[in-house]
Amino acid sequence: MAWKTAIMGATGAVGTEFLAILEQRRFPLKSLKLLASARSAGKKVQFMGQELVIEELTDNSFKGVELVLASAGGSVSKQYAPAAVAAGAIVVDNTSAFRMDGQIPLVVPEVNPQDIKAHKGIIANPNCSTIIMNVPVWPLHKANPIRRLVVSTYQAVSGAGAKAMHELEQQARDWAAGRPVKSEVMPHQTLFNVFSHNSRVSANGYNEEENKMLNETRKIFHCPDIRITATCVRVPVLRAHSEAINIEFSRPMGEDEVRGILSAAPGVRIIDDRQRNYFPMPLESAGHDDVLVGRIRQDMSLSGGTGIDLFVSGDQIRKGAALNAVQIAELL
Ligand code: A2P
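(A) How the structure looks around the overall build of the protein chain. A tally of helices and strands in the protein chain yields eight helices and 16 strands. By sequence separation, contacts in the protein chain at least 24 residues apart represent 65% of the contacts at least 6 residues apart. Element-wise, carbon and sulfur atoms account for 52% of the exposed surface of the protein chain, whose accessible area totals about 14700 Å². If the 36 positive side-chain charges of the protein chain are averaged to one point and the 34 negative ones to another, these points end up 3 Å apart.

Below you can see the structure in the form of structure tokens.
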């Protein structure tokens, strides 16, 4: 089947990647409509050798549209996704608007593709750090149920959108030219700095990004009582997130068993060369589909061999967002 498709937020960091991925994967399209705010209406974009014109998103944008790939922010999705569904479209929503709604599937194709069947018009694409963690952790959890997981993230600015990426590049240019460095999109200077994730901190002391990793993983794994804790941090990287993951399993599991499982896992590529001190890096995961996994080692603080440490890196805009959403659409 080929789809009459619309991209909501087509000018953004994820929207632009949707175009690249649809083209690369030769996604079956009958037509493609590019939607953004009034600010971008009339701008022209190249796609498969054709010039497409950005249109302003309105309630009437969805007539005849069968598939919507949405990434224009949570409030925009809340406002427009129902109109798209009423017009007969299926919405794959990349925002946090519907992820924890019990009626709406939240899907990582490598983990819970079967959940798509229950959709009633909207399918939610998980948080980027959650997807990048879940792709390598799920096959391990299936082999040996997790008792407790501790994750610390090293997150690129791309998660805060194209404007945050431009700000980091501008900070580098300004610093190199001896000009004052400005931070208007991010709350703090990103260049030469590291700061706690720029999402709201809730009453329990966890920020929203951390709560997303905890709650969404429980939903995707269908494992409401899995014990997970997270610390989410921004680092001066443009577009791929890295994560240090410590897992305590139910039974002992050695490095070799972990390596064997991960080498057969879809969406995972192992980079784990101790001799050359060569492991996953955001500069190497950026622009690629696989989550890179390395630093695979036994956690020596747990007697009995039940603990494993990993370091992973995955492209936040691709697998963490646009690619995962297109894979969901392909499953449809
Ligand atoms: P625009 O470029 O016209 O502002 P990012 O995540 O990189 O910041 O991108 C956000 C995307 O969402 C952009 O394509 C942006 O369009 C779009 N967007 C933001 N607000 C709205 C809105 N109210 N209506 C339609 N599109 C919006």
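(B) The environment of E23, seen in detail. The residue E23 is located in helix α1 (residues 13-24) in this model. Other than its neighbours up to four places away in sequence, E23 contacts F47 and M48.

(C) Focus on the packing of helix α3 (residues 128-143) against helix α6 (residues 255-263). Remark: α3 packs on α6, axes separated minimally by 9 Å, with the N-to-C direction vectors making an angle of 120°. When the axis of α3 is compared with that of α6, the two are oblique. The way α3 lies across α6 gives a crossing that is right-handed. Counting all contacts with α3, which are made through P136, P139, L140 and A143, the residues of α6 involved are V258, I261 and L262. Tallied by class, the residues present in the contact of α3 with α6 amount to seven nonpolar, no polar and no charged.

(D) Quick peek at the domain arrangement of the protein chain. Structurally, the protein chain comprises domain 1 (3-126 + 322-331) and domain 2 (130-316). When each unit is reduced to the centre of its C-alpha atoms, the spacing between domain 1 and domain 2 is 25 Å. Contact residues are listed per partner, giving 19 residues for domain 1 and 18 residues for domain 2. Put simply, domain 1 and domain 2 have three salt bridges between them.

(E) Seen up close, the site of the ligand. In the vicinity of the ligand, 15 residues are found, and the nearest of them are T11, S37, R39, S40 and A162. A distance of 2.8 Å separates an oxygen atom of the ligand from a polar atom in the side chain of R39. Between an oxygen atom of the ligand and a main-chain N or O atom of A162, the distance comes to 2.8 Å. Its residues assigned to classes, the shell around the ligand shows seven nonpolar, seven polar and one charged.

(F) Structural detail: the packing of aromatic side chains. For the structure on display, the rule yields three aromatic pairs. Arranged with centres 4.9 Å apart and planes meeting at 80°, the rings of W175 and F192 form a pair that is edge-to-face. One end of the pair, W175, is in helix α4 (residues 162-176); the other, F192, is in the loop between α4 and β10 (195-196), with 17 residues separating them in the sequence. The exposed category is assigned to F192, whose relative accessible area is 58%. Positioned over the ring face of F279 is R295, at 5.2 Å from the centre of the ring.

(G) Spatial organisation of α4. Given a rise of 1.5 Å per residue, 15 residues ought to cover 21 Å, and the 21 Å separating the end C-alpha atoms of α4 matches this to within 8%. Contact partners of the buried residues in α4: α1. Positive phi appears at G178, one or two residues downstream of α4, with a value of about 75°.

Definitions and cut-offs
Residues numbered from 1 in each chain as written. Predicted model: local features only at pLDDT ≥ 70, side-chain atom pairs only at ≥ 80, totals over all residues. Heavy atoms only, no water. Helix = DSSP H or I, 4+ residues; strand = E, 2+ residues; numbered from the N terminus. Contact = heavy atoms within 4.5 Å. Areas by Shrake-Rupley, 256 points an atom, 1.4 Å probe, with all protein chains shown as cover. Lys, Arg positive; Asp, Glu negative; His and termini not counted. Charge placed at Lys NZ, Arg CZ, Asp CG, Glu CD. Axes fitted to C-alpha atoms, helices over the stretch in contact; angles between N-to-C directions. Parallel < 35°, antiparallel > 145°, perpendicular 65-115°, else oblique. Left-handed = near helix turned anticlockwise from the far one by under 90°. Nonpolar A, V, L, I, M, F, W, Y, C, P; charged D, E, K, R; others polar. Domains from an automatic or database assignment. Salt bridge = Lys/Arg side-chain N within 4 Å of Asp/Glu carboxyl O. Near = heavy atom within 4 Å. Polar contact = N/O pair within 3.5 Å; in protein donor to acceptor, adjacent residues only side chain to side chain. Phe/Tyr/Trp six-rings, centres within 6.5 Å; stacked < 30°, edge-to-face > 60°. Buried < 20%, exposed > 50% of the residue type's maximum accessible area, 1.4 Å probe, protein only. Lys NZ or Arg CZ within 6 Å of the ring centre and 35° of its normal. Expected span 1.5 Å × (residues − 1).

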